[in-house]
Amino acid sequence: MQTWLEHFPALQNIDTPGWRNACDQARELTLPAHQPVFHSGDTCNQFLLVLEGSVRVQKLSDSGREIVLYRVESGQSCILTTACLLGNSSYQAEAFTETTVHAVAIPAAAFERALDDSKQLRNFVFNGYGQRLTELLMLIDAISFGRLDCRLASRLLKADNAYLQTTHQQLASELGTAREVISRTLKEFERQGWVKLGRGSIELINTKALAELSDL
């Protein structure tokens, strides 16, 4: 068994000719932090699986505003890459490494043959689709009904002190959105160094940044 498959339990027991051929052609690569992985309009010619690290997939609006669509982390694949391969289309977003990323690249033709003869591989691919689609629909909801990040920042600043005892579900109910949307937004706040998340708690680290966001 290829050692990189240890990161993907759902793929370890596949034993079809197409998948064995894909594994033989797979190559491991290391990408430095803060480097582009693909740009909007690029052609996709390989299926990527992330072993370690984080890749940010984002879309830029005409005004230059950056919207993070999702992140690809250890044990995951990029559904936009898969969509481009299956639809023979170019990328409609861009991606950058957030950390040093170790990944596996499988040539497009080998991936397509493996997908044809492996139900387990298809399940892995489309399960990822389902999860990401749910996340993207929640993101659309948040954008459509106002800047959830601004509203959440404002709500956090209303606390009596810098240490809140609350759950993501409680915040979601207050702000009229889904728990997953709140969790996603808080995780982004944490990445920015504005808050520190704990079990049932949120510590405010940079109230100035939160105040600036709440005023947008």
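Let us look at the structure shown here. Computed from a predicted structure; not experimentally measured. (Residues numbered from 1 in each chain as written. Predicted model: local features only at pLDDT ≥ 70, side-chain atom pairs only at ≥ 80, totals over all residues. Heavy atoms only, no water.)

### A closer look at the overall build of the protein
Here's step 1: On a plain count of helices and strands, the protein comes out with 8 helices and 11 strands.
Here's step 2: Projected onto its principal axes, the C-alpha coordinates of the protein cover approximately 60 × 35 × 30 Å.
Here's step 3: Of all 216 residues assigned to the protein, the portion counted as buried reaches 41%.
Here's step 4: Within the protein, residue pairs in contact and separated by at least 24 positions form 70% of the contacts whose partners lie at least 6 positions apart.
Here's step 5: Averaging the positions of the 21 positive and the 25 negative side-chain charges in the protein gives two centres separated by 3 Å. (Helix = DSSP H or I, 4+ residues; strand = E, 2+ residues; numbered from the N terminus. Buried < 20%, exposed > 50% of the residue type's maximum accessible area, 1.4 Å probe, protein only. Contact = heavy atoms within 4.5 Å. Lys, Arg positive; Asp, Glu negative; His and termini not counted. Charge placed at Lys NZ, Arg CZ, Asp CG, Glu CD.)

### Overview of the packing of aromatic side chains
Given two aromatic rings, their pairing is described by the distance between the two centres and the angle made by the two planes.
Here's step 1: A complete count under the given rule lists 7 aromatic pairs for this structure.
Here's step 2: On the basis of an interplanar angle of 5 degrees and a centroid distance of 3.7 Å, the ring pair of Phe38 and Tyr91 is categorised as stacked. Taken together, the residues span a long stretch of sequence, with Phe38 in strand S2 (residues 36–38) and Tyr91 in the loop between helix H2 (79–87) and strand S7 (94–97) at a distance of 53 residues. Comparing Phe38 with Tyr91, the two get one shared label, buried.
Here's step 3: A centroid spacing of 4.1 Å and a plane angle of 15 degrees characterise the contact between Phe47 and Phe111, whose relative ring orientation is stacked. Taken together, the residues Phe47 in strand S3 (residues 46–52) and Phe111 in helix H3 (residues 108–116) connect sequence positions 64 residues apart. As far as the burial class goes, Phe47 and Phe111 line up, both buried. (Phe/Tyr/Trp six-rings, centres within 6.5 Å; stacked < 30°, edge-to-face > 60°.)

### A short note on the packing of helix H6 (residues 168–175) against helix H7 (residues 179–191)
Here's step 1: H7 packs onto H6 with a crossing angle of 110 degrees between their chain directions and a minimal axis gap of 8 Å. Relative to H7, the element H6 lies roughly perpendicular. The element H6 and its partner H7 pack so that their crossing is right-handed. Contacts from His168, Gln169, Leu171, Ala172 and Leu175 of H6 reach H7 at Arg179, Ile182, Ser183 and Leu186.
Here's step 2: Residue composition of the contact of H6 with H7, grouped by class: 5 nonpolar, 3 polar and 1 charged. (Axes fitted to C-alpha atoms, helices over the stretch in contact; angles between N-to-C directions. Parallel < 35°, antiparallel > 145°, perpendicular 65-115°, else oblique. Left-handed = near helix turned anticlockwise from the far one by under 90°. Nonpolar A, V, L, I, M, F, W, Y, C, P; charged D, E, K, R; others polar.)

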